Amino acid sequence: INDELTFHAPNGLADMVSRATEGRRRLQLEPLRVCAESDIVDVEVALQWTNEGDEEVEGFVSRHSSWEGTHIQGFRESLRKVFEEIAGKERFKGVKPKMLDELLGAGLCAAVSVWLDTPKWAGCIKEDLVSVEARQAVREALTPALRTFLNENDELRQALLARLPSPDCQSPMR
């Protein structure tokens, strides 16, 4: 008996994200896929927004599932930075990062993978990555790609900006 299973995904994490968003109303036709390689860290990120559900972000470090850590922090920081640039810093003045993550994350399905030769973990169960270089590598790969992607996809950009508080809004988020 062959106990080994093989999953063929020619488009990497983009295939995983596409499969996870099947049956939902997608805000973009295809997931954004970003890949970058360096001497220290290889990065792959795929993301797709839908109009349904909560945020689903899966993390991987050198093939280990890792829900928390510096790679996920880099992902969130990149999202915040790009939306701050697109919407203007004033729009986010006083909005807590966690609330902004919730607004931008609604309906978001993403996968973030980093490959490090020697990842550093906060604990012995390889759950929380603490390698600073992963955070920086994800930010450096995702930020320009996401900025370009949103600038080229006006309908998606407008739909996501509509989720954010208006500059003159005095909501409880502030």
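Everything here concerns the structure above.
Residues numbered from 1 in each chain as written. Predicted model: local features only at pLDDT ≥ 70, side-chain atom pairs only at ≥ 80, totals over all residues. Heavy atoms only, no water.

Describe the overall build of the chain, naming the residues involved and giving the relevant values.
Per the secondary structure count, the chain includes five helices and seven strands. Shown N-terminal to C-terminal, the secondary structure of the chain runs as helices and strands in the order α-β-β-β-β-β-α-α-β-β-α-α. Dimensions of the chain, computed from the C-alpha atoms along their principal axes, are close to 60 × 35 × 25 Å. Burial status across the chain gives 42% buried among its 174 residues. Long-range pairs, those at least 24 residues apart, make up 72% of the contacts in the chain between residues at least 6 apart in sequence. Counting every atom, the chain has about 10,100 Å² of accessible surface; 49% of that belongs to carbon and sulfur. Each charge class in the chain was averaged separately, 22 positive and 30 negative side chains, and the resulting centres sit 6 Å apart. (Helix = DSSP H or I, 4+ residues; strand = E, 2+ residues; numbered from the N terminus. Buried < 20%, exposed > 50% of the residue type's maximum accessible area, 1.4 Å probe, protein only. Contact = heavy atoms within 4.5 Å. Areas by Shrake-Rupley, 256 points an atom, 1.4 Å probe, with all protein chains shown as cover. Lys, Arg positive; Asp, Glu negative; His and termini not counted. Charge placed at Lys NZ, Arg CZ, Asp CG, Glu CD.)

So what about the pattern of salt bridges? Which residues, and what values?
Counting across every chain of the model gives 10 salt bridges. The closest approach of N and O atoms between Arg157 and Asp154, which form a salt bridge, is 2.2 Å. Here the residue Arg157 and the residue Asp154 both occupy positions in helix H5 (residues 154–161), the gap between them amounting to three residues, near one helical turn. On the basis of relative accessible area, Asp154 is assigned to the partly exposed category, the value being 41%. Look at the salt bridges and you will find they share partners, linking Glu77, Arg135 and Arg139 into a network. (Salt bridge = Lys/Arg side-chain N within 4 Å of Asp/Glu carboxyl O.)

Describe the packing of helix H4 (residues 132–152) against H5, naming the residues involved and giving the relevant values.
At a minimum axis separation of 5 Å, H4 and H5 run at an interaxial angle of 105 degrees. Compared by their axis directions, H4 and H5 come out roughly perpendicular. Judged by residue contacts, Phe149, Leu150, Asn151 and Glu152 of H4 engage Asp154, Leu156, Arg157 and Leu160 from H5. Along the lines of polarity and charge, the residues of the contact of H4 with H5 split into four nonpolar, one polar and three charged. (Axes fitted to C-alpha atoms, helices over the stretch in contact; angles between N-to-C directions. Parallel < 35°, antiparallel > 145°, perpendicular 65-115°, else oblique. Nonpolar A, V, L, I, M, F, W, Y, C, P; charged D, E, K, R; others polar.)

None of the figures reported here should be taken as evidence of function without further support.
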